[in-house]
Each structure stands twice: as structure tokens, then as C-alpha cells.
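Residues per chain are reported as follows:
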Amino acid sequence: MSRWIGGEWIGALLSVEPMAPRRARFYRWLITLAVLVFTARTVVDTVPAVWDEHVLLAHAIGLVCLAVLGLDYALRLVAAAATSRLPLTGIAAYAISPYGVFDFVAVVPVVAGMLLAWPQDVETTFGLLGCLKLARHSPALETLGAVLLAELRPLLSALFIMALLVLFTSALLFFVERDLNPGMATIPQAMWWSVVTLATLGYGDVVPISALGKVLGAGVAILGLGMFALPASILASGFTEEMRRQNFINTWHLVAKVPFFARLQATQIAQVAQLLKMHRVMRGEILMRAGDEGDCMYFLVSGQVEVGGPTGSFILKAGDFFGEIALLERRPRTATVRAVTRCQLLVLDARDFLQFTAHSPEILDSIREIAQSRLSINQTGDQG
């Protein structure tokens, strides 16, 4: 990206990392606001004569939002070209990617519809589809897509079973009620009742009339309680597994970034990643105070913290760790730690610390060596 003027600046601006620079976070909120405002305007615009004398203001708001979204699309095209050895290849790869398509849909069709006087339905349709642009900044939507892909086969199996149930129950009620109930005179008509009953909606527009039909209808309703819970349980378990996988991957990358763990093998990093918990703090937040009970230690992934002890204060940066003295010596905290900047940390509690160090004696020796040096400095300060 450095080959392009301003490429690094654009890359930082478009960053979606949790600990992105402040300008990236502000830009992210600006894009989100523009999408939400334009979508709200599109929805309200379907109400006849809703704007009255404010129609020019509503139109101006729409143009401002489109300008912001258009600028974002242009910046992403530049960033895609700058990050590729072949600019046109990078642009093409971004344009056909899901996020590139979402960015395109949010701007280009709406602008083209305005310039070419296309029907209002075009702007309404693509104005609503523009909400997909928020998928880049929404982990929930990304997680949903991953879960649907991972659980596609069991979901299709559940849907197939449900389709069979709809077919068989509607055919059964058709044979029982076809001469008595106009709403079940044909199997397609009975299918509507079957879907509504299996889904436990119970609209009441089509209901069994005969005694046998009512008995069968009660059985279908009870059966629906269990069948519609099947895909819900599949999605719930899929979400749980996906969130566990994402948390593990994120922690893995964070562990690998800490220089202290650089010598660990892949299996050891996997073990550490299962023990560590990710934690974020804001500037000025107190992480621990002198005299508190030591229940965990911290590994600093990004940001800076200030450690204040008897000998004065010093700064720890990314790659450092602290809080180990209380765990090794089983004593209260010897220092107060305050976040100087926004920080991302990995937390290892006391129980996991014992488990971790028991399997990695070389890591324990390194931690103990650093702890002893810090402890001796504190003791020197107390004597002075």
C-alpha cells in the first residue's frame, strides 16, 4: 500500500479491527449513520405525501448520505488497487467479493436510478438492500453466514423432514375434510392449514370441522412443537460452535503476537489460547491496585500501561506482562497498574496459571526470573 500516495492512511481509515485508530472508528460510525439514515428515509418515503414542504430537505439528506457512501466505495476501490501487485486485479477481486457487491448495491443503482429517472421502486429496493453494507461492521451477520454454511446439511435435512410433514398432514386432512370443509377441498389448500398449524401460528382462517379432523389437527399441532424446534436447535448449537471457534482463533492470533510466547510450538499455543481470555480496557482505567488480592496476570497485546510501585512508575508496552508476582509469591499486589492508552490484553487467572506453568516449566522459569528482578527492585525502593 506504500506504493500509493496516501495508501497507508486509507488503509488505517478503513480498518475494521477492534482496536483500530480513532479516525477509523469515527469513519466507521459515520458510514453506519449514513446507511441507517438513508434506509430510514427510504422507508418513510413510501408513505404518500409524508414530507410535504420538507421534501427538499429530505432530498438533500438523501444526497448527503449517498455522497458519504459513494466516497466510501471510491476509497475502498483505491485501497483494493493499492494492496494488489496488479491494481486492476485488486479492484476486480474487491468488486466481486460479497462486501464489494454490498458496497456497490448501496450506491451505484440508486444514483443511476436518480440520473436516468428510473421508477421509484428501484431506489426503494436498493435503498433497503444498502443495509447489507453494515455486514462488514457487524460480527453478528458474519457469524450468521458462517453458521448457515457450516450447518447447511443438517438444516436442509430438517427442512426436508418438515416438507414431508406438510405434504403428508395436508393430504391426510384433505381425505378427511374434503367433503365438509371448503378450505381443504384440495391438497394445496390444505397445505396452508398444515403450515400454519405446524408453525403453531393458528390463524384460524382454515380449521378442521369434523371430530376426526380436529383430533388429527391436535396431533399435527403437537408435532409442530417438536419439528420447528429442530432447526432452532441446529442454529443454536451452530452459533455456539462458531463463537467458540472465532474466540479461539482470535485468541490464537493474539497469543502469537506476544513475543513472550514466540518460542512456543503450535500445540503449546493452542493450549495457551484455551486458557487465556481476551480483555479490552479504555484509557485511564485501573487494571489492579496495590494491596489487592492477586487472582490473575496480564499479557499486553496492544497499548501501554503505567505501573506505579514503591520505586516509582514505569511504562509497559505490547509484549510485556504484569501481575505475576502476586501469583508466584502468593501475596497481595505490589503495584497499581493504569491504562495509558486503549489496551488489548490476555488474562490468565490463578487456577489456569498453575495449570499452564505446570506443563511449561521453561515458561515458568522465565516468568519467575522477571518477577524476581521486579521484586528486588521494589524491595530496594522500600529500603531506600
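The structure displayed is predicted, hence computed values, not measured ones. Sequence order as written defines residue numbering, which begins from 1 separately in each chain. The predicted nature of this model means local features are confined to residues of pLDDT at least 70 and side-chain atom pairs, given and counted, to a pLDDT of 80 or more, with totals for whole chains, interfaces and linings taken over all residues. The basis for the side-chain values is all heavy atoms of the structure; hydrogens and waters are excluded.

**Comments concerning the sheet that holds strand β5 (residues 312–316)**
The condition that has to hold: Two strands pair under a simple rule: DSSP has to find at least two bridges between them. Secondary structure follows DSSP: runs of H or I at least 4 residues long count as helices, runs of E at least 2 residues long count as strands, and numbering of each begins at the N terminus. Here an angle of 0 to 180 degrees is reported between the N-to-C directions of two axes, which are lines fitted to C-alpha atoms, with helices fitted over the stretch in contact.
Read from one edge to the other, the open sheet built from four strands follows the order β2-β7-β4-β5, with strand pairing classed as antiparallel. Two strands in the sheet have a free side with no partner beyond their single neighbour: β2 (286–288) and β5. This sheet shows a mean twist of 25 degrees between the axes of neighbouring strands, independent of strand direction. Relative to strand β7 (residues 336–339), β2 is paired through two bridges, and the arrangement is antiparallel. Of the residues in β7, the one forming a bridge with M288 is V337.

**With respect to the environment of W51**
Convention followed: It only takes one pair of heavy atoms within 4.5 Å for two residues to be counted as in contact. In protein, a polar contact means a hydrogen-donor-capable atom and an acceptor-capable atom, both N or O and within 3.5 Å, with residues adjacent in sequence counting only if both atoms are side-chain atoms; elsewhere, any N or O pair within 3.5 Å suffices.
Tracing the backbone shows W51 in the loop between α2 (22–44) and α3 (55–82). Not counting residues up to four positions away in its chain, the partners in contact with W51 are R41, V44, D45 and A58. Of the polar contacts made by the side chain of W51, one reaches the side chain of D45; its length is 2.8 Å.

**Describing the sheet that holds strand β3 (residues 296–302)**
Ordered in space as β1-β8-β3-β6, the four strands form an open sheet in which the pairing is antiparallel. Edge positions in the sheet fall to β1 (277–281) and β6 (321–322), since each has one partner strand and no second. Alignment of β3 against strand β8 (residues 343–349), held across six bridges, turns out to be antiparallel. Within β8, the residue paired with S302 across the bridge is Q344.

**Topic: helix α9 (residues 187–198)**
Put simply, the rule is: Multiply 1.5 Å by the residue count of a helix minus one, and that product is the helix's expected span.
With twelve residues, α9 should reach 16 Å at 1.5 Å per residue; the first-to-last C-alpha distance of 16 Å fits that figure. Contacts made by the buried residues of α9 are with α8 (152–177) and α10 (211–227). Taken from the residues just after α9, T200 is the one with a positive phi, measuring 60 degrees.

**Points about the packing of α8 against α9**
Put simply, the test is: These descriptions rest on fixed angle ranges, namely under 35 degrees for roughly parallel, over 145 for roughly antiparallel, 65 to 115 for roughly perpendicular, and the rest for oblique. Crossing handedness is defined as follows: a turn of the near helix away from the far one that is anticlockwise and smaller than a right angle gives a left-handed crossing, while the clockwise case is right-handed. Amino acids are sorted into nonpolar (Ala, Val, Leu, Ile, Met, Phe, Trp, Tyr, Cys and Pro), charged (Asp, Glu, Lys and Arg) and polar (every other residue, Gly among them).
Contact geometry for α8 and α9: axes closest at 8 Å, N-to-C directions at 120 degrees. In terms of orientation, α8 and α9 fall into the oblique class. As α8 runs across α9, the sense of the crossing is right-handed. Facing L165, V166, L167, T169, S170, A171, L173 and F174 of α8, the residues of α9 in contact are I187, A190, M191, W193, S194, V195 and L198. Taken together, the residues that form the contact of α8 with α9 break down as twelve nonpolar, three polar and no charged.

**Overview of the packing of aromatic side chains**
Quick note on the threshold: For Phe, Tyr and Trp, rings pair up if their centres lie within 6.5 Å, where Trp contributes its six-membered ring, and each pair is then called stacked (planes under 30 degrees apart), edge-to-face (over 60) or tilted (otherwise). The buried label applies to any residue whose accessible area, calculated with a 1.4 Å probe on protein chains only, is under 20% of its type's maximum; exposed applies above 50%, and partly exposed to all values in between.
Using the criterion set out here, one finds seven aromatic pairs in the structure. Taken together, a centroid distance of 6.1 Å and an interplanar angle of 40 degrees make the contact between Y73 and Y94 tilted. Within this pair, whereas Y73 is found in helix α3, its partner Y94 is found in helix α4 (residues 87–96), the two being separated by 21 residues in sequence. Of the residues examined, Y73 reaches a relative accessible area of 13% and is grouped as buried. Ring centres of W192 and Y203 lie 5.9 Å apart, and the angle between their planes is 20 degrees; this geometry places the pair in the stacked category. Of this pair, W192 sits in helix α9 while Y203 is found in the loop between α9 and α10, placing the two residues eleven residues apart along the sequence. Taken together through their ring pairs, the aromatic side chains of Y73, Y94 and F104 make up a single cluster.

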